[in-house]
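For reference, the chains in residue letters:
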Amino acid sequence: MKIKAKQIVKRYGKHIVLRNINFEVANGVSLAIIGSNGSGKTTLIKILANLIAPTRGSVTYQQNGKTIPRENIYRHIGLVGPYLQLYQELTARENLYFFARMRNIPRYKERIAELMETLGLKGREDDAVKAYSSGMQQRLKYVAALLHRPEVLLVDEPRSNLDEKGIETVYALLREQKKHGILIIATNDNEDLQLADRKLKVEAL
Amino acid sequence: MKQTYLILIKDLQQEFKTRYAINAILLFAIVTLSAVSFAIGTFTAGEQVLSALFWVILFFSSMSGLSHIFIREEETQTADTLKLVAKPVHIFLGKFIFNLLLLMVLEVVLVPLFIALMNFQLQSSAIFFLTLLIGNFGLAGGGTMVAAIISKASAKGALFTVLSFPILLPVLISGISATKKAAAESALSSAQSELQALFAYSVIIITASILLFDYVWNE
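Figured I'd write up the structure that's included with this text. (Residues numbered from 1 in each chain as written. Chains lettered and ligands numbered in written order. Predicted model: local features only at pLDDT ≥ 70, side-chain atom pairs only at ≥ 80, totals over all residues. Heavy atoms only, no water.)

## Things to note about the overall build of chain B
Of regular secondary structure, chain B possesses nine helices and zero strands. Put simply, chain B runs from its N terminus to its C terminus through helices and strands in the order α-α-α-α-α-α-α-α-α. The globule rule puts the C-alpha radius of gyration for 219 residues at 17 Å, and the 18 Å found for chain B is close to it. Counting only C-alpha atoms, chain B reaches 55 × 35 × 30 Å along its principal axes. (Helix = DSSP H or I, 4+ residues; strand = E, 2+ residues; numbered from the N terminus. Rg over C-alpha atoms; globule rule 2.2 N^0.38 Å.)

Written out as structure tokens, the structure reads:
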């Protein structure tokens, strides 16, 4: 898997958020997007996740030299971010079964059980998500994002709402992701930066 | 189709737990029908007036609930989560079928109450129920698309009805005319042109919505 970002520009009205962003990452590489508040880190993550389109430029996902069509990119990525919520009225199990079935994951019940245990949520599967604390919801978002073993994992603020134990667990999962895929994180935290092989600085314009 | 089915089931699960949309449309329908019933009182309203009143109540009741399917996704910040697991066409179809079911539940309650309270006599049940059935596809198709458009706006509630009205006007006009014929005549052929118009409109609005939804959902 390879991601190529070419000349990305994002503009909201007259305000330019991103200007001429270029980078290329391949399997086994982790990239940290850094920059001050309002510099466009989240916007760039959303563009990479195909949630919003750049005003100019392009993001290309390639596998074995072939470009993955835009409408199929979602099959290859996992995303964790504060703006990405789970269905609050549904239980954790209902949420995860929904995502797993949507993604056609084989033997998804075992995979969910495995991840719920890893993230320390075993035994809380049948609680409504709204009954989870913010830290537990963050852990659950990691379960949802990793269900399909994505080749590309995008994480906006990896430590958000997590306690020390949660951070350790998540870091272990992120290091694992680095080994077999691509990890892209948006952060300003020095500890998070240790996960990254490369850094990309975006600046407020 | 599996993704469409899964999105529909997820929306039904959410609706069973919150009952937001179903409560909104049923309460609106019952309150409006009661108000109209008291307002008419002992006056005898003709078929034309009763047919128009029925569709006005049906239209505004559906307006109070059909938009919820997309507004909920935007307000709870789950729209992006859904984008990450489904193609736009499946999202539209899942939500369209949900709204279709919602309209059917509304009509199961509204139709017997309207007939009983307004003393509405039907000469042809076939015309009436066929009109409702085909009209539902048009209402749900147009309503779902407009709901997706307005879900990102700030004044969602008012905007939904205002934008839906011109788009759904053909359903209202044909529906009122066919319902009037259902009350006046017994032959199914007498409402052929209205039923054809409703059918054509429903096919066009659903096809156009499927083709355009990708742009609405991703912009």
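## A few points about the pairing of strand 6 (residues 77–80) of chain A
All names here are of chain A. Here strand 6 shows two buried faces, one formed by I77 and L79 and the other by G78 and V80. In terms of strand pairing, strand 6 meets strand 7 (residues 152–156) through four bridges, oriented parallel. Its bridge partner being in strand 7, V80 is matched across the sheet by V155. (Buried < 20%, exposed > 50% of the residue type's maximum accessible area, 1.4 Å probe, protein only. Pairing = 2+ DSSP bridges.)

## Regarding the interface of chain A and chain B
The interface of chain A with chain B comprises 25 residues on the first partner and 22 residues on the second. Between chain A and chain B, roughly 2400 Å² of surface is buried when both sides are summed, and carbon and sulfur atoms account for 60% of that area. In this structure, K17(B) engages E94(A) in a salt bridge whose closest nitrogen and oxygen atoms are separated by 2.7 Å. The tally of links from chain A across to chain B stands at 10 residue pairs in polar contact (both at pLDDT 80 or more). Those elements that place two or more of their residues in the side of chain A that touches chain B are strand 6 and helix 2 (92–102) of chain A. For the side of chain A that touches chain B, the leading source of residues is helix 2 of chain A, giving five residues. Each residue belonging to the side of chain A that touches chain B can be placed in one class, and the counts come to 13 nonpolar, four polar and eight charged. (Contact = heavy atoms within 4.5 Å. Buried area = accessible area lost by both parts, 1.4 Å probe. Salt bridge = Lys/Arg side-chain N within 4 Å of Asp/Glu carboxyl O. Polar contact = N/O pair within 3.5 Å; in protein donor to acceptor, adjacent residues only side chain to side chain. Nonpolar A, V, L, I, M, F, W, Y, C, P; charged D, E, K, R; others polar.)

## Points about a nonpolar patch on the surface
All names here are of chain B. Taken together, L101, M104, L130, L133, F137 and L188 make up a surface patch of nonpolar side chains, about 450 Å² in accessible area. Going through the elements one at a time, helix 6 (88–118) and helix 7 (125–150) are the ones with two or more residues in the nonpolar patch. Among the elements that make up the nonpolar patch, the one with the highest residue count is helix 7 (three residues). Given a relative accessible area of 40%, L133 falls into the partly exposed group. (Patch = residues over 30% accessible without salt bridge, like charges linked within 9 Å, V, L, I, M, F, W, Y side chains within 5 Å. Areas by Shrake-Rupley, 256 points an atom, 1.4 Å probe, with all protein chains shown as cover.)

Nothing here speaks to function; it is all geometry.
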